[in-house]
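Below, each chain spelled out in residue letters.
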Amino acid sequence: MADHQAAAQQESAAHEVGAFLRGRREQIAQRWADEALFRTVFTVSRDEAVEAGRAVVEALAAVATAGRVEDLGAAGFATVRDQLGRMSASRARTGATSAQIADEVAALRLPVAEMLDADLADAPAERPEACAVTLTALLGTLRLVVLETTLSAGQELIDRQRLQLLEVATPVIKLWTGVVAVPLIGTLDSARSQVVMESLLEAVVTQQARFAILDITGVPTVDSLVAQHLMKTVAAARLMGAECVVSGIRPAIAQTIVHLGIDLGEVVTRASLADALAYALNRQGIAIVDQDRTGQSPR
């Protein structure tokens, strides 16, 4: 019986807080527009800050009315994730830490609590107390939602930057008409090998390349995983109509490949990038003539 009565009181308080938020939406939005979270994001127009505040207050009112003040998955928090998530991401891009953003979200509670206390000043003691607890829970959940969104956005930014770095670190170079090359430097893991494959295949199409050279001179070690990545890239290039040549196989790497029993199959290999380019040019019927330092062709 006591549990039922407590649940009824919580539901009543949640509905009352929801009604309060809707009734005070404009005043809350005006106060929030002067808080750090809104003020530092909407630096040009205060009206935009007020409009964003209205949207968030309305969403919180919907959550309270539904009695889901502690539910991160409540439908009303979708608007919060969209609005405050973009705002917190903007703050993060300017150098604000997650802790700073959390404090700025926590600061939104005070003006709302002051208005709620003023509205319930003449009510029986139990009503302000129950509503204050509900409001605290609601804005505590709001803080968690914003932090969750901020961390997610931060991870997405890191992933995008990592992909951009991989693309920059894996350039596709046009060496000759119909010949492209990818000079690989550093460790070749699954993520990077995927970027290599995509970049190389795109270059094969755009350059109409007949030969694609994978130069592994800068790859420190070759194991079975690296060899597997190379074989997949070679096979994909072949399907696109390009012959793939692997160059830069140093003696130590050659010994490792033999020791591991790795079968490169029909893959064409050359000791250096220059040898691989010469092979590709010869296959296209282009003669390569070496000259000595005097500029005379050797006899």
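Look up a bit, the structure's there.
In what follows, the accompanying structure is described. Note on numbering: residues in each chain are counted from 1, in written sequence order. In keeping with the predicted nature of the model, local features appear solely for residues at pLDDT of at least 70, side-chain atom pairs appear and are counted solely at 80 or more, and the whole-chain, interface and lining totals rest on all residues. Side-chain calculation: all heavy atoms of the structure are included, whereas hydrogens and water are not.

## Thoughts on the packing of helix α2 (residues 25–32) against helix α4 (residues 46–65)
Logical step 1: Think of each axis as a best-fit line through the C-alpha atoms, taken over the contacting stretch in the case of a helix, with angles from 0 to 180 degrees between the N-to-C directions. Counting from the N terminus, the helices are DSSP H or I runs at least four residues long and the strands are E runs at least two residues long. Between α2 and α4, the shortest axis-to-axis distance is 8 Å and the interhelical angle comes to 130°. By the angle class used here, α2 and α4 are oblique. In the crossing of α2 with α4, the sense of the turn from one axis to the other is right-handed. Mapping the contact onto sequence places R25, E26, I28, A29, Q30 and W32 in α2 and R46, V50, G53, R54, V56, V57, E58 and L60 in α4. Orientation categories follow fixed angle ranges, with anything under 35 degrees roughly parallel, anything over 145 roughly antiparallel, 65 to 115 roughly perpendicular, and all other angles oblique. The crossing is said to be left-handed when, going from far helix to near helix, the turn is anticlockwise and less than a right angle, and right-handed when the turn is clockwise. Residue contacts are defined here by distance: any two heavy atoms, one from each residue, within 4.5 Å place the two residues in contact.

## With respect to the nonpolar core
As a rule of thumb, nonpolar side chains are buried together in soluble globular proteins.
Logical step 1: Side-chain atoms within 4.5 Å link the members of a nonpolar core, which is a set of buried Ala, Val, Leu, Ile, Met, Phe, Trp, Tyr and Cys residues. For each residue, the accessible area found with a 1.4 Å probe, counting protein chains only, is set against the maximum for its type, and the residue is called buried under 20%, exposed over 50%, and partly exposed in between. In this structure, L21, W32, F38, L60, V80, L84 and L138 are the most contacted members of the largest nonpolar core, which totals 45 residues.
Logical step 2: When contributions to this core are tallied by element, the ones reaching two or more residues are α1 (2–23), α2, α3 (36–39), α4, α5 (77–93), α6 (98–106), α7 (109–119) and α8 (126–168).
Logical step 3: Examining the composition of this core, we find that ten residues originate from one element, α4, more than from any other.
Logical step 4: If near-sequence neighbours (up to four positions away) are discounted, F38 is found in contact with W32, A33, A49, A52, G53, L84, M87 and L108.
Logical step 5: The next biggest cluster of nonpolar side chains, apart from the first, holds 30 residues, and it includes V180, L200, L230 and I249.

## Observations regarding the environment of A66
Logical step 1: For A66, the position within the fold is in the loop between α4 and α5.
Logical step 2: The class for A66 is exposed, based on a relative accessible area of 51%.

## Considerations on the sheet that holds strand β5 (residues 268–270)
Logical step 1: Paired strands are those between which DSSP finds at least two bridges. Read across the open sheet, the five strands follow the order β1-β2-β3-β4-β5; overall the sheet is mixed. In this open sheet, the two edge strands, each paired with only one partner strand, are β1 (173–176) and β5. Strand-to-strand twist in this sheet, taken as the mean axis angle between neighbours without regard to direction, amounts to 30°.
Logical step 2: Sheet topology note: the β1/strand β2 (residues 179–185) ladder contains three bridges and is antiparallel. Across the sheet, the residue bridging to I173 is A181, located in β2.
Logical step 3: Each of β2 and β3 (211–218) touches helix α9 (residues 190–206); the most contacted strand, β2, lies at about 165° to it.

## Examining the side chain of T141
Logical step 1: For T141, the position within the fold is in helix α8.
Logical step 2: Here a polar contact is taken to be a pair of N or O atoms separated by no more than 3.5 Å, where protein atoms must pair a possible hydrogen donor with a possible acceptor and residues adjacent in sequence count only if both atoms sit in side chains. Within the local environment of T141, its side chain forms a polar contact with the backbone oxygen of A137, the two atoms lying 2.9 Å apart.
Logical step 3: Apart from the residues within four sequence positions on either side, T141 is in contact with V69, E70, D71, L72 and F77.

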